[in-house]
Amino acid sequence: MSHSEEASAPVSEVLTAAPSPFTSALRVNQAELTTRALLSGGTIGALLAITNVHMGLKTGMWETGSIVATLLTFSCMSTLVSRRSNAPTALETHLAQTLAVSVGALPSAAGLLGAIPALALLGVRPSGGWVALWGVGLGTLGVLIAYLLRRRLLEHERLPFPTGIATAELISTLNTPTPTHRGRARALWGTGLGTMLFTWLRDAGGVFPSVWLLPGQWRGIPLEKLLLGVGWNPMMLGIGMMLGVQGGLGLLLGTLVAWGGLAPWLVHEGRVNQVEFRALVAWLTWPGVGLMVGAAISSLVPLVSTLPKVLGDVWWLGRGAVGWEATAAQRVGRAVLPTALLALVAGGLALGMHPLQLLLSLLLVLPLCLVCAHSAGQTDIHPISPMGQLTQVAFGLVSPGQAALNVAAGSVVSGAAAPTGLSLCSLQAGRLLGATPSRQLLVQLLGLVLGAAVSLPAYSLLVTAHGLGTPELPVPTAHQFKTVAEFASKGLDGLPPRALLALGLGFGTGVLLSMATRGRLARLLPSATAMGVGFILPAHYAVTIALGAFLAAGVRRRWPTTSSHVQAVGTGAIMGESLVGLLVAALLALGLISSPG
């Protein structure tokens, strides 16, 4: 999940400048690696990591954070200005947001949003300490690969990395604040504080209900049993504001088909004995994952043309640098092997993988990370899940009958791919602003360690309080990992009755929709991936997210100049509920409060 920003200067100007329209103004006497930059970046990064854990376990989505982190770190550093210090510089802001993005990416690198809960659903619960080391190792590997590719992709191939350009442009304009930017910051902080108060009154005080379920019945089944309704949930509204109308329509359509059509049919036909979320979602996951996998595979087709460049990048890796950059590249290149070995040891101890199996998965890391890097550079899309699923399919052929091993193998590639693309976006912004690459590398590595220290406790608290695969934590990405693993390891024997047909129909629909959305009908068709998620989420989650998307679209259409403020309101809602949700989970786990429900 990523943000789009209106550029303050034409993108073509940024790409054709030598090296950028910002550099000459920003290189002169600017502070960069400062204490307040580290404090602000670490604080905002911790908030982002907590938000990503909470949001990822609930919806399967997470925030890359480049634009959000830029606004928040700049606001934090601005509040620290005193008589003895100046306003934050552009390079300080960039370094702080780089640190924050790195911290926020750790939950994905460590597999906390997909692979680790999928393993838990399969009965495998690795030690938190080894998972932390595993995540830091994979994240470091991804960051090092990105650093070695920096000159090749950013300067020789001149891939745009749109989020990096938008981040640089936003940072450059923040140095001359406008009422628009100040208003956006106020909207974000104000919404966040209001959401925190509302969430506390709802979850701890019982003042508001968590959901309003529809009364009545459908085909003899109470609608409340199907969880059809609307949630009193600011986070879901905020996600909808970020997702857009196409994604909201996809979620709503998927929910109506799954929970309004297929779920009652399953009960009526006797294929599911209990009208209960876990029992129904165990079957609905198959067509839902079929939709998501079909869309993912289709989305990779345009990247086939980049394979010759990918092979060239492997050969060129770390070459072409001169001076101090050559020395730095050599040191980074030497660090890749020890980092890979660290990931090997941690993965073996955390996930129970044989060293040869881990070695095979690590051999796939570099080429598939390169594919992700090209996709992020050209389209701003990070195909992390598809890379993991391709690895799962490969391991299903090599080592059939081992579902847990299959999930673990997929997490190796997806864990390294996430920080690779995000790191290159930050490096692109730094190149345009004149930042020091070695300092960017330093804070990215520091961010991974801080991210592990924040994310693992947050994950543990939420899982302890709510459980996995429940309406409170439906973990759609984990279901995707688990379903692909079961199919790859067991074949047709692992499917419930009639699930094969549903899987095939979902896959075909996902391929067709994904291909059609690249044509003239793109704006009229729903997102196949969002439809698949709608099969797995509780219905009231999907309805609330869709409502947020439609409300945001209506506001933007009625008042076009408020687009950035709408985005800020959505971000504030997501962060506010995530923080208080984690606090409530901790208090519940400690027995200091009891659930109002």
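Residues numbered from 1 in each chain as written. Predicted model: local features only at pLDDT ≥ 70, side-chain atom pairs only at ≥ 80, totals over all residues. Heavy atoms only, no water.

Novice: Let's hear about the overall build of the protein chain: which residues, and what values?
Specialist: When its secondary structure is counted, the protein chain shows 23 helices and four strands. Per-residue burial over the protein chain gives 57% buried out of 597 residues. At a minimum sequence separation of 6, the contacts of the protein chain that also span at least 24 residues come to 83%. Taken as a whole, the protein chain presents about 23500 Å² of accessible surface, with 65% of it coming from carbon and sulfur. (Helix = DSSP H or I, 4+ residues; strand = E, 2+ residues; numbered from the N terminus. Buried < 20%, exposed > 50% of the residue type's maximum accessible area, 1.4 Å probe, protein only. Contact = heavy atoms within 4.5 Å. Areas by Shrake-Rupley, 256 points an atom, 1.4 Å probe, with all protein chains shown as cover.)

Novice: Before we move on, can you summarise the pattern of salt bridges with the specific residues and values?
Specialist: All told, the structure shown has four salt bridges when counted by the stated rule. Among the ionic pairs, arginine 36 bridges to glutamate 92, the shortest N-O distance being 2.8 Å. One end of the pair, arginine 36, is in helix α3 (residues 35–59); the other, glutamate 92, is in helix α5 (residues 90–109), with 56 residues separating them in the sequence. Given a relative accessible area of 15%, arginine 36 falls into the buried group. Of the residues examined, glutamate 92 reaches a relative accessible area of 1% and is grouped as buried. Each member of the salt-bridge network shares a partner with another, and the members are Arg202, Asp203 and Glu577. (Salt bridge = Lys/Arg side-chain N within 4 Å of Asp/Glu carboxyl O.)

Novice: Which residues make up the packing of helix α8 (residues 162–174) against helix α17 (residues 403–433), and what are the values?
Specialist: Their axes nearest at 7 Å, the elements α8 and α17 cross at an angle of 45°. On the basis of their axis angle, the class for α8 and α17 is oblique. Crossing of α8 over α17 shows right-handed handedness. On the side of α8, the interface is formed by Thr163, Gly164, Ile165, Thr167, Ala168 and Ile171, while α17 contributes Cys425, Gln428, Ala429, Leu432 and Leu433. Taken together, the residues that form the contact of α8 with α17 break down as seven nonpolar, four polar and no charged. (Axes fitted to C-alpha atoms, helices over the stretch in contact; angles between N-to-C directions. Parallel < 35°, antiparallel > 145°, perpendicular 65-115°, else oblique. Left-handed = near helix turned anticlockwise from the far one by under 90°. Nonpolar A, V, L, I, M, F, W, Y, C, P; charged D, E, K, R; others polar.)

Novice: Outline unusual backbone geometry, listing residues and values.
Specialist: A positive phi angle, close to 55°, is found at arginine 219, a residue other than glycine. In this fold, arginine 219 is placed in the loop between β2 (217–218) and β3 (221–222). If you check the backbone angles, leucine 227 has positive phi at about 60° while not being a glycine. Here leucine 227 lies in the loop between β3 and β4 (229–231). Under the relative-accessibility criterion, leucine 227 is labelled buried at 17%.

Novice: Quick one: what's the story with the nonpolar core, residue by residue and with numbers?
Specialist: Among the nonpolar cores identified, the biggest contains 45 residues, and Ile239, Leu251, Trp259, Leu280 and Leu284 are the most heavily contacted of them. Looking at this core, the elements that each hand over two or more residues are α10 (234–243), α11 (245–268), α12 (277–300), α20 (499–516), α21 (528–536) and α22 (539–558). When residues of this core are assigned to their parent elements, the largest contribution, eleven residues, is made by α12. With 43 residues, the next largest nonpolar core counts Ala110, Val143, Ala478 and Leu582 among its residues. (Core = buried A, V, L, I, M, F, W, Y, C linked by side-chain atoms within 4.5 Å.)

Novice: Tell me about the packing of aromatic side chains, and name the residues and values.
Specialist: Within this structure, the stated rule accounts for four aromatic pairs. Here the aromatic rings of phenylalanine 208 and tryptophan 232 are separated by 5.9 Å at their centres, their planes lie at 25°, and the arrangement is stacked. In this pair, phenylalanine 208 sits in the loop between α9 (179–203) and β1 (211–213) while tryptophan 232 sits in the loop between β4 and α10, placing the two residues 24 residues apart along the sequence. Taking relative accessible area as the criterion, phenylalanine 208 reaches 27% and is therefore assigned partly exposed. Here tryptophan 232 falls in the partly exposed class, since its relative accessible area comes to 36%. Looking at arginine 150, its charged tip hangs above the ring of tyrosine 147, at a distance of 6.0 Å from the centre. (Phe/Tyr/Trp six-rings, centres within 6.5 Å; stacked < 30°, edge-to-face > 60°. Lys NZ or Arg CZ within 6 Å of the ring centre and 35° of its normal.)

Novice: Can you break down a nonpolar patch on the surface residue by residue, with the values?
Specialist: Together, Leu356, Leu359, Leu360, Leu363 and Val398 line one region of the surface with nonpolar side chains, adding up to about 480 Å² of accessible area. No other element matches helix α15 (residues 355–379), which puts four residues into the nonpolar patch. Locating leucine 359 in the fold gives a position in helix α15. Judged by relative accessible area, leucine 359 falls into the partly exposed class, the value being 41%. (Patch = residues over 30% accessible without salt bridge, like charges linked within 9 Å, V, L, I, M, F, W, Y side chains within 5 Å.)

Novice: Go over the confidence of the model for the protein chain, please, and point to the residues and values.
Specialist: Here the protein chain averages 78 in pLDDT, and 80% of its residues register 70 or above. Averaged pLDDT values over the elements of the protein chain bottom out at 35 in helix α1 (residues 11–16) and peak at 92 in α5. Ignoring residues within four places in sequence, the model shows residues 1–28, a span with pLDDT below 50, making 61 contacts including any to other chains. Across residues 321–326, where pLDDT falls below 50, the model places seven contacts with residues more than four positions away in sequence or in other chains. (pLDDT = per-residue confidence, 0-100.)

Novice: Please give an account of the side chain of threonine 255 that cites residues and values.
Specialist: Tracing the backbone shows threonine 255 in helix α11. Excluding residues within four positions of it along the chain, threonine 255 makes contact with Gly260, Gly534, Ala539 and Ala542.

Novice: Could you give an account of the environment of glycine 104, naming the residues involved and the relevant values?
Specialist: With respect to the helices, strands and loops of the structure, glycine 104 is situated in helix α5. Owing to a relative accessible area of 2%, glycine 104 belongs among the buried residues under this scheme. A C-alpha to C-alpha distance of 9.7 Å links glycine 104 and glycine 42, two positions 62 residues apart in sequence. Beyond its immediate stretch of four places on either side in the chain, glycine 104 contacts Gly45, Leu48, Ala49, Asn52 and Trp62.

Novice: I'd like a rundown of α8, residues and numbers included.
Specialist: Relative to the 18 Å expected for 13 residues at 1.5 Å per residue, α8 spans 18 Å between its end C-alpha atoms, a close match to the ideal helical length. Turning to α8, its buried residues number three or more, namely Thr163, Gly164, Ile165, Ala166, Thr167, Ala168, Glu169, Leu170, Ile171, Thr173 and Leu174. (Expected span 1.5 Å × (residues − 1).)

Novice: An account of the environment of leucine 112 is needed here, citing residue identities and associated values.
Specialist: Here leucine 112 lies in the loop between α5 and α6 (115–121). On the basis of relative accessibility, which here comes to 0%, the residue leucine 112 falls in the buried class. When the C-alpha positions of leucine 112 and valine 131 are compared, they lie 8.8 Å apart, and in sequence the two are 19 residues distant.

Novice: Please give an account of the environment of glycine 164 that cites residues and values.
Specialist: Checked against the element boundaries, glycine 164 lands in helix α8. Judged by relative accessible area, glycine 164 falls into the buried class, the value being 0%. Taking the C-alpha atoms as reference, glycine 164 lies 5.7 Å from serine 426; in sequence the two are 262 residues apart. Here glycine 164 is in contact with Cys425, Gln428 and Ala429, once residues within four sequence places are set aside.

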